Structures are given as C-alpha cells and as structure tokens.
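Residue-level structure breakdown
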Amino acid sequence: MDNAYKHESNANVRERILLIRRIMSDGQDIGMVSTEELHRSIAWAYKWLRRFDKEGLEGLKNKPRSGRPPDVPQEKISKIRTELSENPSGWKAKEIMNIIYERTGIRYHEVHIYRLLHKWGFSPKVPRKKFVNTASNKEKKQFQKRPRK
C-alpha cells in the first residue's frame, strides 16, 4: 500500500489510497478519517472503500464515462469541418453557427462553437485580448513601434 501511494501520480487516487491505508492498516474510524483528516463526506469514503474491496487498487482510479452523445451525427460534423478547412480566409463563429444550423437543424450556442473549433484544431482569426498579458514586459517593449530617426 505504501509503495502504491509513493508511485501514484494522480492526486485523487493518492487521497483514496491514504483513506484505505488509514482505515485498513491503521485501524482508524472511517468517519473521523473522512471528515476530519480528508475533509470529505462519509458517503465518499464508503464509496471508495467498497470499490477497493471489489477491485483492489484499480478500483480507486476513475473510470471512463461516456458523456452525453452529440446531437449532430459524426458524418455531418466531419463534412462541415472539411468545408471549414478549405476556406483559407477563415470564418466567424456566427457564420459557422449558421452553417451547422442549415446543415443539421441544430443550433449551438456561440461559446460552444468556439469549443468545437478549438477541438478541431482551428485558431481564431483575431487573437483574443486575454493573450496580451501573457507576454513579459521585455517582450512587450520589443514589440512596440519605435519612432523614426
């Protein structure tokens, strides 16, 4: 158990291993360990204790979840994506939102369009203002226009 704790990189799994170790090896009360030491609910502790009893250390890891299925079929999305990539001048989010609505009948929110574009590997035509402050002062100074002499 100590070896698994030392070699685990996921912080959530390490916390669960610590819970199991305190209860099984140290013999401490599950309520005290979960609420006072780990600041978690007792139900959370029982859930991971049950999973450990059934599956061992593998039971302490998160399992993949399917999530909500997409509204638009994958074939239609891939056609739209191909069409978007063929235009070298780029697109605006509202234009893409309208294209998706015309082809599929499903209207996505503008924010979700940005998520889709990021997922597909597209970058914005105009950099967003949030990136201005990521440069250091030295880089900003080098970028500024200098007066002509």
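Residues numbered from 1 in each chain as written. Predicted model: local features only at pLDDT ≥ 70, side-chain atom pairs only at ≥ 80, totals over all residues. Heavy atoms only, no water.

1. Side note on the pattern of salt bridges
- One pass over the structure, following the stated rule, counts eight salt bridges.
- The closest approach of N and O atoms between Glu-83 and Arg-103, which form a salt bridge, is 2.8 Å. Residue Glu-83 is found in helix H5 (residues 74-86), and its partner Arg-103 is found in helix H6 (residues 93-104); the two are separated by 20 residues along the sequence.
- Ionic pairing is found between Lys-94 and Glu-110, a salt bridge with its closest N-O pair at 3.6 Å. One end of the pair, Lys-94, is in helix H6; the other, Glu-110, is in helix H7 (residues 110-120), with 16 residues separating them in the sequence.
- Ionic contacts of the salt-bridge type, sharing partners, join the residues Arg-22, Asp-26 and Glu-37 into one network. (Salt bridge = Lys/Arg side-chain N within 4 Å of Asp/Glu carboxyl O. Helix = DSSP H or I, 4+ residues; strand = E, 2+ residues; numbered from the N terminus.)

2. Concerning the environment of Ser-9
- Of note, Ser-9 is situated in the loop between helix H1 (2-7) and helix H2 (11-25).
- C-alpha separation for the pair Ser-9 and Lys-79, spaced 70 residues apart in sequence, amounts to 40 Å.

3. Points about the packing of helix H3 (residues 30-37) against helix H4 (residues 42-55)
- One can describe the packing of H3 onto H4 by two numbers: an axis separation of 8 Å at closest approach and a directional angle of 120°. It follows from the interaxial angle that H3 and H4 lie oblique. The interaxial crossing formed by H3 with H4 has right-handed handedness. Residue-level inspection shows Ile-30, Gly-31, Ser-34 and Thr-35 of H3 in contact with H4, the latter providing Ile-42, Ala-45, Tyr-46 and Leu-49.
- When its residues are assigned to classes, the contact of H3 with H4 shows five nonpolar, three polar and no charged. (Axes fitted to C-alpha atoms, helices over the stretch in contact; angles between N-to-C directions. Parallel < 35°, antiparallel > 145°, perpendicular 65-115°, else oblique. Left-handed = near helix turned anticlockwise from the far one by under 90°. Contact = heavy atoms within 4.5 Å. Nonpolar A, V, L, I, M, F, W, Y, C, P; charged D, E, K, R; others polar.)

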